[in-house]
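# Topology and contacts: notes
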Amino acid sequence: MKINFNDLKIQNKLIRSSIISNFKKTFDSTKFILGPEVELLEKKLAEYTSSKYCLTTSSGTDSLLISLMALGIKKGDEVITTSFTFVSTAEVISRLGAKIIFADISREDYNIDVDSLKNKLTNKTKAIIVVSLFGQTANFRRIKNVVKKIPIIEDGAQSFGSSHYGIKSCNLSLIGCTSFFPSKSLGCYGDGGAIFTNNKKIFKKMKMIRQHGQIKKYDYRLLGISARLDTLQAIVLLEKIKLLDAEISKRKKIFNHYYTNLSKINGIQINNIKKGNKSNYSVLSILVKKNRSKFIKYLKKNKIPTTIYYPKPLDTFKIFNKTKKITPISLEISKKILSLPMSAYLSKSKQEYIISKIKQYFL
Ligand SMILES: Cc1ncc(COP(=O)(O)O)c(C=O)c1O
């Protein structure tokens, strides 16, 4: 029995022929950059999240960078985010010369701890990047009560398709960013991303920044970058978005089955989805209370792949920080966290096998 951490091959088979036939149309038209499919995709993505505007981009990282650039973030500004996230979230802040202020996370969902965030606010805070990790949106309801005027960017790279009190991820704050990296809940066949907003002025600015700061061809009004989504990737995403909700439902069943079985085991901790949240169940993370490396070795011996998201909080890296260990909960979680195989196409028998091996280890 071969278990994959994230099974994309089955999904590929379902959409292969329509993607290839649409690729052929683009090969003939040669509209590889900003072809009609890109605009159509932006329309569909905006509809999906009920956002007024959507701008596709070359990656989740560039989406975050463009958002900060549009907000005018510069040297001397402070931008708050968490240390328990993928490197991009912090990297883009430093890239613009601003100072990253790391807040700690909540043990319930590993997202930003609202009290920690509150403590980090100063008159230099110019933006906040709130990450919605592992498919669950952060506590935006509370965050918006605490933060009234400072612009909030949601890093929804892992939460596309999720919602918070009925509002879709990426439409929970001034700007929402996502990634179409292949393993994401909506992934393409390469790099890609998108930005969402309801603010026309910011949207127009971001659109210019995405393409060299130009307002029209060869008329540059802002310092920009080159960060467009390819037409071929848009074609892939237009097919995959049709599967998105059904795949989330499938993963929900798989999550519930894991939860029912694993929550009874003493040696591990699995968190349930928080009130008000609908997850996309893209990543299944548990905490291993003792000796994680021994457990990983055991699973590996039994051909069960695992991944650690994330082995080190970002504030422990020299490139981001000079005063170490400022987020103790992130540090503690990073030593215990472990992600198990999760996919809409994980068969019942494979999941039963994984659960039985985990039970054997702990019971
Ligand atoms: C939380 C988070 N932010 C940002 C990114 C960056 O996205 P991309 O790889 O598309 O640049 C990722 C992707 O892994 C992510 O998980």
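This is a predicted model, so every value here is computed, not measured.

Calculation rules
- Residues numbered from 1 in each chain as written.
- Predicted model: local features only at pLDDT ≥ 70, side-chain atom pairs only at ≥ 80, totals over all residues.
- Heavy atoms only, no water.
- Domains from an automatic or database assignment.
- Contact = heavy atoms within 4.5 Å.
- Buried area = accessible area lost by both parts, 1.4 Å probe.
- Salt bridge = Lys/Arg side-chain N within 4 Å of Asp/Glu carboxyl O.
- Polar contact = N/O pair within 3.5 Å; in protein donor to acceptor, adjacent residues only side chain to side chain.
- Helix = DSSP H or I, 4+ residues; strand = E, 2+ residues; numbered from the N terminus.
- Nonpolar A, V, L, I, M, F, W, Y, C, P; charged D, E, K, R; others polar.
- Pairing = 2+ DSSP bridges.
- Buried < 20%, exposed > 50% of the residue type's maximum accessible area, 1.4 Å probe, protein only.
- Right-handed = clockwise from strand over helix to strand, strands pointing away.
- Axes fitted to C-alpha atoms, helices over the stretch in contact; angles between N-to-C directions.
- Parallel < 35°, antiparallel > 145°, perpendicular 65-115°, else oblique.
- Left-handed = near helix turned anticlockwise from the far one by under 90°.
- Expected span 1.5 Å × (residues − 1).
- Arc of directions from axis to C-beta.

### Focus: the domain arrangement of the chain
Along its sequence, the chain is organised into domain 1 (9-240) and domain 2 (244-362). Here the C-alpha centroids of domain 1 and domain 2 sit 24 Å apart. Taken together, the 38 residues of domain 1 in the interface contact 36 residues of domain 2. Both sides together, the interface formed by domain 1 and domain 2 hides about 3,400 Å², and carbon and sulfur atoms give 53% of it. Counting every contact that joins domain 1 to domain 2 gives three salt bridges. Linking domain 1 to domain 2 there are 26 residue pairs in polar contact (both at pLDDT 80 or more). Secondary structure elements with two or more residues in the side of domain 1 that touches domain 2: α1 (9-29), α4 (87-95), β3 (99-103) and β6 (163-164). In terms of residue count, α4 provides more of the side of domain 1 that touches domain 2 than any other element does, four residues in total. Split by residue class, the side of domain 1 that touches domain 2 holds 17 nonpolar, 15 polar and six charged.

### Considerations on the sheet that holds strand β13 (residues 277-278)
Hydrogen bonds along the backbone pair up the strands of a sheet, which may run parallel or antiparallel. A sheet is described by the order of its strands in space; here three strands give the open sequence β7-β6-β13, paired in antiparallel fashion. With one partner strand each, in any of the chains shown, β7 (167-168) and β13 form the two edges of the open sheet. Pairing of β6 with β13, which is carried by two bridges, proceeds in the antiparallel orientation. Residue pairing across strands places His-164 opposite Asn-277, the latter belonging to β13.

### Details of the pattern of salt bridges
Counted according to the given criterion, the structure contains 11 salt bridges. When the shortest N-O distance is used, the salt bridge between Asp-77 and Lys-74 registers 3.5 Å. By relative accessible area, which is 5% here, Asp-77 ends up buried. Salt bridges sharing common partners tie together Arg-107, Glu-332 and Lys-336.

### Regarding unusual backbone geometry
Residue Tyr-310 is reached from Tyr-309 by a cis peptide bond, and omega for that bond is 5°. Take Tyr-310: it is sitting in the loop between α10 (292-301) and α11 (328-336). Non-glycine residue Thr-30 carries a positive phi angle of around 60°. Accessibility expressed as a relative area gives 52% for Thr-30, which makes it exposed. Despite not being glycine, Phe-134 has its phi angle at roughly 60°, a positive value. By secondary structure assignment, the location of Phe-134 is in the loop between β4 (125-131) and α6 (140-146). Exposure remark for Phe-134: the relative accessible area of 7% places this residue in the buried category.

### Concerning the pairing of strand β2 (residues 78-82)
Among the five residues of β2, five are classified as buried, and the element is accordingly described as predominantly covered. Residues Glu-78, Ile-80 and Thr-82 of β2 are buried on one face, and the alternating residues Val-79 and Thr-81, pointing to the opposite face, are buried as well. A crossover connection joins β2 to the parallel β3 through α4; in handedness this β-α-β unit is right-handed. Sheet topology note: the β2/β4 ladder contains three bridges and is parallel. When the bridges of β4 are listed, Ile-80 appears paired with Ile-128.

### Focus: the packing of helix α3 (residues 60-70) against α4
Taken N-terminus to C-terminus, the directions of α3 and α4 make an angle of 40°; their axes are 9 Å apart at the nearest point. On the basis of their axis angle, the class for α3 and α4 is oblique. By crossing handedness, the relation of α3 to α4 is classed as right-handed. Contact residues: α3 offers Thr-61, Leu-64, Leu-65 and Leu-68, while α4 offers Ser-88, Thr-89, Glu-91, Val-92, Ile-93 and Arg-95. Residues of the contact of α3 with α4, tallied by class, amount to five nonpolar, three polar and two charged.

### Some details on the environment of Ser-18
With respect to the helices and strands, the residue Ser-18 is situated in helix α1. The spatial distance from the C-alpha of Ser-18 to the C-alpha of Thr-307 is 32 Å, given a sequence separation of 289 residues.

### Focus on helix α12 (residues 348-362)
With 15 residues, α12 should cover 21 Å at 1.5 Å per step; its first-to-last C-alpha distance of 21 Å lies within 8% of that length. For α12, every residue scored as buried is listed here: Gln-351, Ile-354, Ile-355, Lys-357 and Ile-358. Axial view of α12: buried residues confined to an arc of 160°, hence all on one face. Opposite the buried face of α12, at more than 90 degrees from it, the exposed residues are Lys-348 and Gln-360. Buried positions along α12 lie against α9 (244-262), β12 (268-269), α10 and β15 (337-340).

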